[in-house]
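Residue strings, one per chain:
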Amino acid sequence: MIFDREGYSPDLFRELQPQRIAALTYHRYPDGEDWRAEEFQEQAVKLVSGQTVRMKLAERGTHVGKRPGLLGREVRKLVQTAIRCRS
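None of these values were measured; they are calculated from a predicted model.

A short note on the environment of R76
- By the secondary structure assignment, R76 is in strand β3 (residues 71–77).
- Exposure remark for R76: the relative accessible area of 16% places this residue in the buried category.
- Taking the C-alpha atoms as reference points, R76 and D4, separated by 72 residues in sequence, lie 16 Å from one another.
- Each residue touching R76, except ones within four places of it in the same chain, is listed here: P30, D31, E33, D34, W35, F40, K56, L57 and A58.
- Here E74 takes part through its side chain, which lies 2.8 Å from a polar atom of the side chain of R76.

See the structure below:
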C-alpha cells in the first residue's frame, strides 16, 4: 500500500505487517543530520513513463514510530539544487 504523509500511521503499519502487506510513505521532515554524500550510489531508476533515469540513492534501516519493534527502510535521494538568475 502507498500512503501520502496524511495516511502515515505506525499503528496501521503494525497491523498490516503480519499480513505481509508493505507500506510505502513519504517522510517530509526526516530527523537528524543530513546523510554523508559518500553513502549515495548512482542507480538506474525506471519511471512510470518507462524512461530510465540515473539518481544517487542511499538506504538505511530505521525505526518507524515512537514504539519499538517496527522496522523499516529509509531511502533518500541526493539532491543538487540549481538556481537560475535572469540578468
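Focus: unusual backbone geometry
- Although it is not a glycine, R20 sits at a positive phi angle of roughly 60 degrees.
- Position of R20 relative to the elements: it lies in the loop between α1 (10–16) and β1 (41–46).

Conventions and cut-offs
- Residues numbered from 1 in each chain as written.
- Predicted model: local features only at pLDDT ≥ 70, side-chain atom pairs only at ≥ 80, totals over all residues.
- Heavy atoms only, no water.
- Helix = DSSP H or I, 4+ residues; strand = E, 2+ residues; numbered from the N terminus.
- Buried < 20%, exposed > 50% of the residue type's maximum accessible area, 1.4 Å probe, protein only.
- Contact = heavy atoms within 4.5 Å.
- Polar contact = N/O pair within 3.5 Å; in protein donor to acceptor, adjacent residues only side chain to side chain.

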